[in-house]
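Chain by chain, the residues run as shown.
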Amino acid sequence: MNRSCGLLILLASLAGVGAPSLAWAAPPLVLAAPPPKVDPPVTPPAGPPDTLDGPAAVEGPAEPEVAAFDDPIVAALQPVAGGLTADEVAKRSVERSPGLAAKQAEVAAAEARLDQTLYQFIPHVEASASYTRLSQAQLNFDTGGGGFIVGAQNEGLLTYGPCGDFAPLNCVVDQMGQPVGAVPLEFDLPMPPLNAFSLQAQIGVPISDYIARLPTAKKAGKAQIQAAEFATTAELLTTQKDARLAYYDWVRTIASTVALQESLLRTQARLLDAEAGFEAGVASKADVMRLDAAVATLTAATIRAENYRLLAEQALALQMGESEFERYEIGEQLLTPVSPLADADDLPRMIQEAEDQRYEMRAFESSTEALEYGIKTTRAGYYPRLDGFAEATYANPNQRFFPLEAVFKGSWSAGVALTFVMNEAINSKMKLKELEANKRGLDAQREALRRGLALEVAAAHAERISVMAELEYNERATESAIEGYRVAVDLYQVGDATTTDILDAEYERVDATLRNINAKIDLRRANIKLMYATGRLQPIEPGADAR
């Protein structure tokens, strides 16, 4: 394929470099003018700190000093005081992340479930007050044939002796010589009250549960809280990582837009040269038309790149939870080399580090621990229960007293009960099977996560190695492409180069420039991915200063 045709294909696709993957697009914009050359602004400290492990050594080739920012791309990427940094984007995203808020709500729910579990073991206390209206009672002790009841006036054995005033007669007498007499059998009982009032308090103490259930149930609840906290921290780190990557994607669109704008200006200048040459008879109409087609393609690509830049900026605002879409400025030094990561070449060690440090793995371990304690708690259902109970009653009339009187009297009772419910034992066995199946499923998910983490670390490690290898050659390729373009222009202006030479040189210059800038951004992205994958990325707590 002709290299000039390759230029048109490249420029048409460069506008989409680093564009965010969203379901909506920004409205078209008119062609923006290239950024003016500016004086060097105040440079804030290089960042992000989480990707740096030391001030001495650096990764990638050393950057040449550009005092006046002659390169428009370098000028566009210079930090501005008060501009956005990757750490600031991460901090804002963490503070306003709905996913993180949902995880924090899960922690609160786990804490509430633990409270509910502990409350189940508190002695059951119940108090009641009642009033009852009773129907009229019918007390009838009539045996139907009458009768009498025999009684003595003095205690002791009965004997047979004189009947007192009736001395000639003998009768049954008590020990004091008093005759034993008989009276009619009659019951003179008051009618029971018709209004009943009762105040009652009861308490039940699950004695056996304090030994067989409470310790393991409490540990299971705490393990669930810890699992929810680990999942929250994992979500926080994911939000933080995604926010930083979104920041660098936005920076990439700025570099792509400026590169295309500069390429458009250069190609427009060459079109003017071709038109002048055509008027002078030293250039063909085909040369003019090819350059004019390149200008048209570049114009469309520049408009698309500007739209992608706006889209990335809007995506960044949504990531941070901003209510309005602002025009952000870069606040981070992006072109200075970053410090190397420690032990970044030892892949097996980093994989093991990820298994030990990632909060997702810790969350699985805590969830497994909670299930194990749940299994131990459920096994207590196999055995009888021992419960203590007590009650106190203050009633009018009190049923414990006879005869019933319309006065308030108190009574109490206390005891223990040993019970075994067959249905509860059977249900505990079925529940135990469910918990053991859940544990096996959790173990399988943990193994799948472990393999996924190993692959994630390997992919991040490979990406970082590729970017570092690319950085070693991109700087030289960029310098050569810029010099090659300058020579091609000089030759074209004196008639010793063709339009194809100009387009080829422009293609090589744009390609090398964007590759160089993208490689520098990709190294920071690769460092973030690797630190996240290995668990080295430190969380930024909501409301804390970005580090």
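Everything that follows concerns the structure shown earlier in this document.
Described in the following lines is the structure provided in the data block. On a predicted model such as this, the values are computed, not experimentally measured, just so you know.

What counts and what doesn't
Counting from 1, residues in each chain are numbered in the order their sequence is written. A pLDDT threshold of at least 70 governs which residues receive local features in this predicted model, and a stricter bar of 80 or more applies before side-chain atom pairs are shown or counted, although totals over entire chains, interfaces and linings include all residues. Working from all heavy atoms in the structure, the side-chain values ignore hydrogens and water. Where helices and strands are cited, they refer to DSSP runs of H or I of at least four residues and of E of at least two residues respectively, numbered from the N terminus. Think of it in three bands: with a 1.4 Å probe and only protein chains considered, a residue is buried below 20% of the maximum accessible area for its type, exposed above 50%, and partly exposed in between. The contact criterion used is simple: two residues touch if any of their non-hydrogen atoms lie within 4.5 Å. Within 3.5 Å is the distance limit for a polar contact, defined as a pair of N or O atoms, with the added protein rule that one can donate a hydrogen and the other accept it, and that residues adjacent in sequence qualify only through two side-chain atoms. Here the aromatic set is Phe, Tyr and Trp, taking the six-membered ring for Trp, and pairing holds for ring centres within 6.5 Å; pairs whose planes are under 30 degrees apart are stacked, those over 60 apart are edge-to-face, and all others are tilted. Only when the NZ of Lys or the CZ of Arg is both within 6 Å of the ring centre and within 35 degrees of the ring normal is a charge said to sit over the ring. Geometry is summarised by axes, namely lines fitted to C-alpha atoms with helices restricted to the contacting stretch, and by angles between N-to-C directions that run from 0 to 180 degrees. Angles below 35 degrees are treated as roughly parallel, those above 145 as roughly antiparallel, those between 65 and 115 as roughly perpendicular, and all remaining angles as oblique. Crossing handedness is read from the near helix: turned anticlockwise from the far helix by less than a right angle, it gives a left-handed crossing, and turned clockwise, a right-handed one. Following the grouping adopted for this structure description, the nonpolar residues are Ala, Val, Leu, Ile, Met, Phe, Trp, Tyr, Cys and Pro, the charged ones are Asp, Glu, Lys and Arg, and the polar ones are all others, Gly among them. In this description, a nonpolar core means a group of buried Ala, Val, Leu, Ile, Met, Phe, Trp, Tyr and Cys residues linked to one another through side-chain atoms lying within 4.5 Å. The span one expects for a helix is its residue count, reduced by one, times 1.5 Å. What the arc covers is the set of directions going from the helix axis to the C-beta atoms. For this analysis, a salt bridge means a side-chain nitrogen from Lys or Arg found within 4 Å of a carboxyl oxygen belonging to Asp or Glu. Paired strands are those between which DSSP finds at least two bridges.

1. Focus: the environment of Asn-154
Phase 1: Along the chain, Asn-154 turns up in the loop between β2 (148–151) and β3 (159–163).
Phase 2: What makes Asn-154 partly exposed here is its relative accessible area of 29%.
Phase 3: Taking the C-alpha atoms as reference points, Asn-154 and Pro-179, 25 residues apart in sequence, are found 9.9 Å from one another.
Phase 4: Not counting residues within four places of it along the chain, the set of residues in contact with Asn-154 comprises Asp-174, Met-176 and Gln-178.
Phase 5: At 3.0 Å, the side chain of Asn-154 forms a polar contact with the side chain of Asp-174.

2. Considering the side chain of Glu-322
Phase 1: Relative to the assigned elements, Glu-322 resides in the loop between α7 (285–320) and α8 (347–357).
Phase 2: One polar contact links Glu-322 to Arg-96, side chain to side chain, over a distance of 3.3 Å.
Phase 3: When sequence neighbours within four positions are dropped, the list of residues in contact with Glu-322 reads Arg-92, Arg-96, Ala-317 and Tyr-328.

3. Describing the packing of aromatic side chains
Phase 1: Overall, the coordinates contain 7 aromatic pairs when judged by the stated rule.
Phase 2: Measuring from ring centre to ring centre gives 5.4 Å for Tyr-247 and Tyr-248, while their planes differ by 75°; the resulting arrangement is edge-to-face. Accessibility assignment for this pair places Tyr-247 and Tyr-248 in one class, buried.
Phase 3: For Tyr-247, a relative accessible area of 0% gives the class buried.
Phase 4: Taken together, the ring pairs connect Tyr-131, Phe-197, Tyr-394 and Phe-408 into an aromatic cluster.
Phase 5: Sitting above the plane of the Tyr-532 ring, Lys-241 keeps its charged end 4.7 Å from the centroid.
Phase 6: Positioned over the ring face of Tyr-359 is Arg-362, at 4.7 Å from the centre of the ring.

4. Focus on the packing of helix α6 (residues 214–280) against helix α9 (residues 359–379)
Phase 1: Between α6 and α9, the shortest axis-to-axis distance is 8 Å and the interhelical angle comes to 165°. If you check the angle between α6 and α9, you find them roughly antiparallel. In this structure, the crossing between α6 and α9 has a hand that is left-handed.
Phase 2: Considered class by class, the residues forming the contact of α6 with α9 number 12 nonpolar, 9 polar and 5 charged.

5. Thoughts on the nonpolar core
Phase 1: Counting 31 residues, the largest nonpolar core has Leu-77, Tyr-247, Trp-250, Val-251, Leu-316 and Ile-330 as the members making the most contacts within it.
Phase 2: Listing elements by their share of this core, those giving two or more residues are α2 (72–76), α3 (86–95), α6, α7 and α11 (499–534).
Phase 3: For this core, the element with the highest residue contribution is α6, accounting for 10 residues.
Phase 4: Apart from the residues within four sequence positions on either side, Tyr-247 is in contact with Leu-84, Thr-85, Ala-86, Val-89, Leu-316, Ile-330, Gly-331, Glu-332 and Leu-334.
Phase 5: Counting 19 residues, the second largest nonpolar core, distinct from the first, contains Ala-305, Tyr-485, Ala-488 and Ala-505.

6. Some remarks on helix α4 (residues 98–119)
Phase 1: End to end, α4 covers 32 Å across 22 residues, agreeing with the expected 32 Å (1.5 Å per residue, within 8%).
Phase 2: All of the buried residues along α4 are Leu-100, Val-107, Ala-110 and Leu-114. Projected down its long axis, α4 shows its buried positions confined to an angular sector of 65°, all on one face. Exposed residues on α4 whose side chains face more than 90 degrees from its buried face are Pro-98 and Tyr-119.
Phase 3: The elements touched by buried residues of α4 are α3 and α6.
Phase 4: In this structure Ser-97 caps α4, since a side-chain oxygen of it lies 3.4 Å from the backbone nitrogen of Gly-99.

7. Some words on the pattern of salt bridges
Phase 1: Scanning the model with the defined rule gives 34 salt bridges in all.
Phase 2: Taking the shortest distance from any N to any O, the salt bridge between Arg-96 and Glu-322 comes out at 3.3 Å. Remark: Glu-322 occurs in the loop between α7 and α8 and Arg-96 occurs in the loop between α3 and α4; sequence separation between them is 226 residues.

8. Section: the packing of α6 against α11
The relative placement of two packed helices is expressed as an angle between their axes plus a distance between the axes.
Phase 1: In the contact formed by α6 and α11, the axes pass within 10 Å of each other and the chain directions differ by 170°. Between α6 and α11, the crossing angle belongs to the class labelled roughly antiparallel.
Phase 2: Of the residues in the contact of α6 with α11, the class split is 13 nonpolar, 5 polar and 12 charged.

9. As for unusual backbone geometry
Phase 1: A cis geometry characterises the amide bond from Asn-396 onward to Pro-397, with omega recorded as -5°.
Phase 2: Inspection of the secondary structure assignment puts Pro-397 in the loop between β7 (385–396) and β8 (409–419).
Phase 3: The backbone of Asp-343 sits at a positive phi, close to 55°, despite the residue not being glycine.
Phase 4: For Asp-343, the position within the fold is in the loop between α7 and α8.

10. With respect to the sheet that holds β7
Phase 1: Judged by pairing direction, the sheet is antiparallel, and its 4 strands sit side by side in the order β1-β6-β7-β8 without closing on themselves. Whereas interior strands pair on both sides, the edge strands pair on one side only; in this sheet they are β1 (124–133) and β8. With direction set aside, neighbouring strand axes in the sheet form an average angle of 15°.
Phase 2: For β7 and β8, the ladder comprises 11 bridges, and the chain directions are antiparallel. Bridging from a neighbouring strand, Ala-390 pairs with Ala-414 of β8.

11. Describing the side chain of Thr-368
Phase 1: Inspection of the secondary structure assignment puts Thr-368 in helix α9.
Phase 2: Not counting chain neighbours up to four residues away, the residues in contact with Thr-368 comprise Lys-439, Leu-442 and Asp-443.

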